[in-house]
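Residue-level structural notes
Single-letter residue listing:
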Amino acid sequence: MIVGRRETRVDGYDKATGRTKYYEDRMPANALYVRIKHSEIAHGFVKSVDASAAEKIPGVVKVLTCFDVPDIPFATAGHPWSMDPGHQDTADRHLLNQHVRYWGDDVAVVIAENEVAANQGVRALKVEYEELPFVLDVQKAMEDGAPQIHDEFPNNILKHTTNIKGNYEEAIKEEGLIKVEGWYETPTVQHAHIENHGCFAYMENGRIVVVASTQIPHIIRRIVGQALCRPWGDIEIIKPYIGGGFGNKQDALYEPLCAWCTTQVGGRPVRIDCSREETFVSNRVRHAIRYHIVTWVRKDGKIAARKVDVFSNQGAYASHGHSIAAKGLNAFPQHYPCPVYEGNAWTVYTNRPAAGAMRGYGMPQASFADEANIDDCAIAVGMDPMEFRRLNIMPKGFHDNFSGNTNYYDTYRECMAKGAEIIDYERKRREYGHDTGNIRRGIGLATFWYNTAVYPISLETSSNRMQLNLDGTVTMQCGETEIGQGADTAYAQMTAQAIGLKSYKDVHVISCQDTDITPTGTGAYASRQTYVVGFSIRQTADLLREKILKYASDLTRQAVYNMDIVDGNIIRKEDKLVLMSLKELAMTAQYNPVHSEHITAESTYTIRNNAYSFGCTFVEVEVDIAMCKAQVTRIVNVHDCGKVINPALAEAQVHGGQSMAIGFGLSEQLIFDEKTGKPLNNNLLDYKLSTFMDHPHLEGYFIENPEPTSPFGTKSLGEPPACSPAAAIRNAILNATGVAINRIPINPHVLFAELSKAGLIHDCWLDKEGK
Amino acid sequence: MYDMKALYEAESVQHAVQLRLEHPEAQIIAGGSDVLVQMREGKRAGKELISIYMIDAMRGVSLDEDENIRIGSLTSFSHITRDPIIQKYINVLGEAVDQVGSPQIRNIGTIGGNTCNGVTSADSASTLHAWEAIVELTGVNGIRRIPIKDFYIKAGVVDIRADEGEIQTAILIPKASYENTFGHYIKYGMRNAMEIASLGCSVNVRLSADKQTIDRCRIAYGVAGPVPMRAPSAEAVANGSAMTEEMVNEFALSVLSDINPRDSWRASKAFRQHIAVEMARRALIESIHRAGGEIK
Amino acid sequence: MSQYKVVHCNINGKDVEKVVDVRASLTDMLRNEYHLTSVKKGCEVGECGACNVLIDGEAFNSCIYLAVWAEGKHIRTLEGLEGPNGELSDIQQAFIDETAIQCGFCTPGFIMTAVEILETGKEYTDEELRKLLSGHLCRCTGYENILRAVRKTMYKRLGKEVPAVSIQNPQ
């Protein structure tokens, strides 16, 4: 079996030698620099842009402003297009905006021959604004009289949906119910991939070519076409290797603007390179979401009813919009099915940076709120939090009618049992939580709900092409992208196995997507790729095998059904006799003077199903009360992502998700000045993403229940590891200190406030036992 | 590509002084980890720079004939930390600058740059204040030496006479300051690396010969006010006192009458005050232990 | 008025010289003049470590190092680690074997700092290694496998068995 083996990455050598080419490494030497003038107010109208000084700077080629761009509003979300107008993303921005809606909005560009001139040009632009009041808080933005951010959306509500089961008002009248209520708050955070977004564009034979650091080349082609009102066939998007994406690059960022700029300078190459500061503010962020949860628990610990209100801070533009809040809203009653559920979710425009997709797509936020509330419920009824979860969590056999998903195994309980054993939960739960000194230890857990791919909300499709090479290897390409996670390696392993090659090294995955060449795929998001590409790999491999065996049949006079491909050879099934190698077959087929055939296969597979992917996190913390610091001393994730295609890469995915989630739980937050709406910490020094010194060892484990719908038994893993750690950290801090903290990040400021409120702070100064 | 108007590379201290007089508007650049960052931000864009980075004579740590420690202003943080003289006599300074930014920043960042930019959060600054360092400036009129507390005028402003072509050439730690003295520096940050101090606290003590009382205690903070500062009330509590837990707590609490941290988005005043007390306590305890004392 | 200077230095073992714009950072010079594209730009202010190179044996963020300061220096980039036929050094191989690479963008900088650490010939604890490597941000790996790659290479070079990673598990 090639699938399931611990293999090194197919792109490892190039990345270890620095040869891998990212967009900037392919830059034409004559590319003009495009620098963007961003708004320096949070809300208002651009009255004028005075470019006279900028235009005089030597090297400045052209200044273009929000008054020059075509009047075509467009949507940026990296969703598959929907033929149903009701399901299309909201087209609410222009290439450059006259109505600026956040500090950092795009007002004008300076195109120059060199970087310094472009920067000087931007500084020399004089923008006159009509300033309007702005709003940063999600609930304040919903109030009557709040600043109106987009005219078409009263009270700034982009969308409101509900999820209702049973009669909540009636249900809570039940005698003896215990009410557990909380407000839970998650921050605006940013993806902070190490390669900033950037792209360059030029024209060739009248068409526009854009080379971009993106996760979704085929979708970008559509969006560039829409934004510029050009036929989509006029656009070619090339996606080279990228330095991380995490959802930020699952959006049209500056590709449309870059494409337009090249058309404004006669098709000369132009480059847009986001600075780190721009990446933080003028790309996308994670939705800050506020939850209000009321859970009614029976004395026996069973949840009777739940009410969940979700307030999702969309920021200035719709981007992925309500999908994020809705995903969480609809997860609650699946994660902990209870007889009665009343859920409401509002996605609301504010004058913050636009929120889009980010690893976990709303589930890190929802899991934090859900799992914090669940721990509070357990405490309220006097149960151990793991026991409480065992009692209430989704059981084996649970079926969700909307998605068609079934929980085929008792996944949650298996994952919790494994994690508990690894971390020695029972003992630590007994021992911790009684510390009275300054250092207090705690253990906590959290589970998460996730699914795989976007069906039935959106189209779920993948195509790929395979070509038998003359040396018996196979070249494979598909539209689903390598963004660092190791997709290409997983594809190589699955392809090799599906065809019957000897090794995954006999598959050459074309990593770079070019929409002119690459079969259509929608790209890297929704932790979909390994699952969805699995279907098209299997189908295309079957087609290729059929062609190979048919040709082999002519040569060997054996029936097709009596042959197989094993280890790169065509064998006779009955006695395993090697009839010929694939190399011999390929050479013969290609150079056959009578019947030459280049053996290739291509197909599209559209799935109409989805797969649950669950797991949990256990965390140990040490809280230094006086210093207001919480430190994660151990973290264990257990995932059931079905069969693991490559354990080494799977563990690495878990590490990355845990790391991002530790930051989400303890330190990361983009902060805005209340008076101006200006972001205050949009750089890697002041935005506290975890460094090498902020982690314990990261541990990832798996329960491999094969997913019955997948040809390789696999399902999502890319995003799930980021979902549960923040809640587990919060619950461990609760265990350590007795203080339930309902907002993240639980950084020293929050700990100072919360521990002070709980009366723990002042004692410590004079605490003789304290260290 | 930096937006600079011109770059003048100084080949010696005298050359730097001369360039400074010739280009009064120019900004001095040592390692550049602050100046270049500001230039990129646009704050210093279009300026002339006088680079002193290539003046190797301004690097290194030595003892003069009176055994005062002399640290050339261009000595990088990592070289200070690794230096045997520092390790032997004033290891706390090496430990403090070993907490600046990151390893790469510690290779480029210089102690001269760290003090000349006049910021209160500089990791070297509180320790240099606590050890009563002397700043050496060289200008057209020769050498001028001033106590570090006088060097800092206000936030971002230090006493360098540009009109006399001055540059900072060394930091000196007098023998009387470091002899028999042991200290500890605590940096408070929101994460454990790549961090700017929310508060820095440096304490050092000299114990009596019988190690029963504190002869001299000094404590200084960064970020507790607009410039690095000492906490004289706290020092008064410790000086001449026996080392008891009560004294340590009184010492710690009395810093509140000396320091004046501000509210900012990085941290609230109340938070900084609380942390300042706890840091004082911990830094004093550790300093006493390092000096061979015991708290009763 | 542009200002240029000839910068002589030794890059990856070879003496070289180029006329350089004095405004250039060392990143600019290495990428644009010498096509050493392993030197990456992640923040341009010395906070991410992607542009890290060794100068006279010490790690520097080349983005905040003026190109003209390279005069007379010995500079090493990731391109200099390979053998003449593309052979990998032990630390590069360890990054591959330990799955310490994902998107690959922070990798060159990390490996160069690892080279500085390994060339001291000293043995470091895991905590010391974490501190020595803390000048690089990585968003993909959580640093776990990078630590494993560096410690494994360190012990191998010291001729010692690689001890198991000790998971902190307070009793």
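Since the structure is predicted, the reported quantities are computational estimates derived from the model, not experimental observations.

About the cut-offs
Residues numbered from 1 in each chain as written. Chains lettered and ligands numbered in written order. Predicted model: local features only at pLDDT ≥ 70, side-chain atom pairs only at ≥ 80, totals over all residues. Helix = DSSP H or I, 4+ residues; strand = E, 2+ residues; numbered from the N terminus. Expected span 1.5 Å × (residues − 1). Buried ≥ 20, exposed ≤ 12 C-beta atoms within 10 Å, placed from the backbone. Contact = placed C-beta atoms within 7 Å. Nonpolar A, V, L, I, M, F, W, Y, C, P; charged D, E, K, R; others polar. Pairing = 2+ DSSP bridges. Axes fitted to C-alpha atoms, helices over the stretch in contact; angles between N-to-C directions. Domains from an automatic or database assignment. Parallel < 35°, antiparallel > 145°, perpendicular 65-115°, else oblique. Left-handed = near helix turned anticlockwise from the far one by under 90°. Core = buried A, V, L, I, M, F, W, Y, C linked by C-beta atoms within 7 Å. Right-handed = clockwise from strand over helix to strand, strands pointing away.

Another aspect to go through is helix α10 (residues 363-380) of chain A. All names here are of chain A. For α10, with 18 residues, the first-to-last C-alpha span of 25 Å sits near the 26 Å given by 1.5 Å per residue. Taken across its 18 residues, α10 has 16 buried, putting it largely inside the fold. With its phi angle positive at about 70°, Gly382 sits one or two positions after the end of α10.

Residues and elements named next belong to chain A. Among the structural elements, Ile733 can be located in helix α18 (residues 725-737). Remark: the alpha-carbon pair of Ile733 and Glu620, spanning 113 residues in sequence, is separated by 8.5 Å. Residues contacting Ile733, with those up to four places away along its chain left out, are Gly442, Val621, Val623, Ala630, Ile741 and Ile746.

Take the interface of chain B and chain A next. Each partner contributes residues to the interface: chain B has 19 residues there, and chain A has 26 residues. Of all the secondary structure elements, the ones that give two or more residues to the side of chain B that touches chain A are α12 (245-254) and α13 (269-290) of chain B.

This part is about the interface of chain C and chain A. Counting residues at the interface gives 45 residues for chain C and 51 residues for chain A. Within the residue set of the side of chain C that touches chain A, elements represented by two or more residues are α2 (90-97), α3 (107-119), α4 (126-132) and α5 (144-157) of chain C. Residue classes in the side of chain C that touches chain A are distributed as 21 nonpolar, 14 polar and 10 charged.

All names here are of chain A. The four strands are arranged β20-β19-β18-β25 in an open sheet whose pairing can be described as mixed. Among the strands making up the open sheet, the edge pair consists of β20 (507-509) and β25 (600-606). Strand after strand, the sheet turns through a mean of 20° between neighbouring axes, direction not considered. Against the sheet, helix α14 (residues 487-499) makes contact with β18 (461-468), β19 (474-478) and β20, and its axis sits at roughly 145° relative to β20, the strand it touches most. Helix α15 (residues 529-556) contacts β18, β19 and β25 of the sheet and is inclined by roughly 35° relative to β18.

As a further point, take α5(C). Between its first and last C-alpha, α5(C) extends 20 Å over 14 residues, near the 20 Å set by a 1.5 Å rise per residue. Burial analysis of α5(C) places 11 of its 14 residues in the buried class, which makes it a mostly covered element. Regarding α5(C), the residues found buried are C:Glu144, C:Asn145, C:Ile146, C:Leu147, C:Arg148, C:Ala149, C:Val150, C:Arg151, C:Lys152, C:Thr153 and C:Met154. The elements touched by buried residues of α5(C) are α17 (647-666) and β29 (698-702) of chain A together with α2, α3 and α4 of chain C. Of the residues one or two after α5(C), C:Gly159 is the one with positive phi, at around 70°.

Further remarks concern the domain arrangement of chain C. Residue and element names in this part refer to chain C. By the assigned domains, chain C splits into domain 1 (4-79) and domain 2 (90-157). Between the C-alpha centres of domain 1 and domain 2 there is a distance of 21 Å. Counting from both sides, the interface comprises 16 residues of domain 1 and, opposite them, 12 residues of domain 2. Of the residues forming the side of domain 1 that touches domain 2, the biggest block, three residues, is contributed by strand β3 (residues 52-55). Tallied by class, residues from the side of domain 1 that touches domain 2 come to eight nonpolar, five polar and three charged.

A separate point is the pairing of strand β24 (residues 578-581) of chain A. Residue and element names in this part refer to chain A. Two strands pair when backbone bridges link them, and strand β23 (residues 569-572) and β24 are joined in this way by three bridges, in the antiparallel orientation. Note that in β24 the partner of Asn569 across the bridge is Ser581. If you look at the hairpin formed by β23 and β24, you'll find five residues sitting between the two strands, and Lys576 has a positive phi there, around 60°.

We now examine the environment of A:Asn330. Along the chain, the position of A:Asn330 falls in helix α9 (residues 322-335). Taking the C-alpha atoms as reference points, A:Asn330 and A:Gly343, 13 residues apart in sequence, are found 8.0 Å from one another.

All names here are of chain B. Here α12 crosses α13 at 140°, and the two axes come no closer than 8 Å. Here α13 runs oblique to α12, going by the angle between their axes. Where α12 crosses over α13, the handedness of that crossing is right-handed. For the pair α12 and α13, contact is made by Val248, Asn249, Phe251, Ala252 and Leu253 and by Val277, Ala280, Arg281, Leu284 and Ile285, respectively. Across the contact of α12 with α13, the residue classes tally to eight nonpolar, one polar and one charged.

Moving on: the nonpolar core. If you look at the biggest cluster of nonpolar residues, it comprises 407 residues, and the most contacted ones within it are A:Ala201, A:Val210, A:Cys258, B:Ile52, B:Ala276 and B:Ala280. In this structure B:Ala276 touches B:Leu199, B:Cys201, B:Tyr221, B:Ala224, B:Val255, B:Ile259 and B:Pro261, once residues within four positions along its chain are discounted.

Turning next to the domain arrangement of chain B. Residues and elements named next belong to chain B. Examined at the domain level, chain B breaks down into domain 1 (6-51), domain 2 (61-174) and domain 3 (182-290). The straight-line distance from the C-alpha centre of domain 2 to that of domain 3 is 20 Å. Among the elements that make up the side of domain 2 that touches domain 3, the one with the highest residue count is helix α8 (residues 123-130) (six residues). In terms of residue class, the side of domain 2 that touches domain 3 is made up of eight nonpolar, eight polar and three charged.

What follows covers unusual backbone geometry. All names here are of chain A. Going from Tyr455 to Pro456, the amide bond is cis rather than trans, its omega being 5°. Residue position: Pro456 is located in the loop between β17 (451-452) and β18. Pro745 follows Ile744 through a cis peptide bond whose omega is 0°. Topologically, Pro745 is positioned in the loop between α18 and α19 (748-757). Unlike most non-glycine residues, Phe246 shows phi in positive territory, near 60°. For Phe246, the location among the structural elements is in the loop between β11 (235-239) and α7 (255-264). For Arg557, which is not glycine, the phi dihedral falls at a positive 60°. Looking at where Arg557 falls in the secondary structure, it is placed in the loop between α15 and β22 (563-566). On the basis of neighbour counts, which here come to 8 C-beta atoms within 10 Å, the residue Arg557 falls in the exposed class.

All names here are of chain B. Taken together, the four bridges between strand β1 (residues 6-9) and strand β3 (residues 48-51) define a ladder with parallel strand orientation. Across the sheet, the residue bridging to Tyr8 is Ile50, located in β3. With three bridges connecting them, strand β2 (residues 27-29) and β3 associate as parallel partners. Paired with Gln27 across the two strands is Leu49, which belongs to β3. Of the crossover connections in this fold, the one passing from β2 over helix α2 (residues 35-41) to the parallel β3 is right-handed.

What follows deals with the packing of α10(A) against helix α11 (residues 385-392) of chain A. All names here are of chain A. Following both chains from N to C, one finds α10 and α11 inclined at 105°, their axes separated by 9 Å at the closest point. Accordingly, the angle class assigned to the pair α10 and α11 is roughly perpendicular. Along the contact surface, α10 presents Ile374, Asp375, Cys377 and Ala378, while α11 presents Pro385, Phe388 and Arg389. Looking at the contact of α10 with α11 residue by residue, the classes come out as five nonpolar, no polar and two charged.

Take the sheet that holds strand β6 (residues 126-131) of chain A next. Residue and element names in this part refer to chain A. Here three strands make up an open sheet; going across it, the order is β4-β2-β6 and the pairing antiparallel. Edge positions in the sheet fall to β4 (99-100) and β6, since each has one partner strand and no second. For strand β2 (residues 44-50) and β6, the ladder comprises six bridges, and the chain directions are antiparallel. Along β6, the bridge assignment pairs Phe45 with Glu130.

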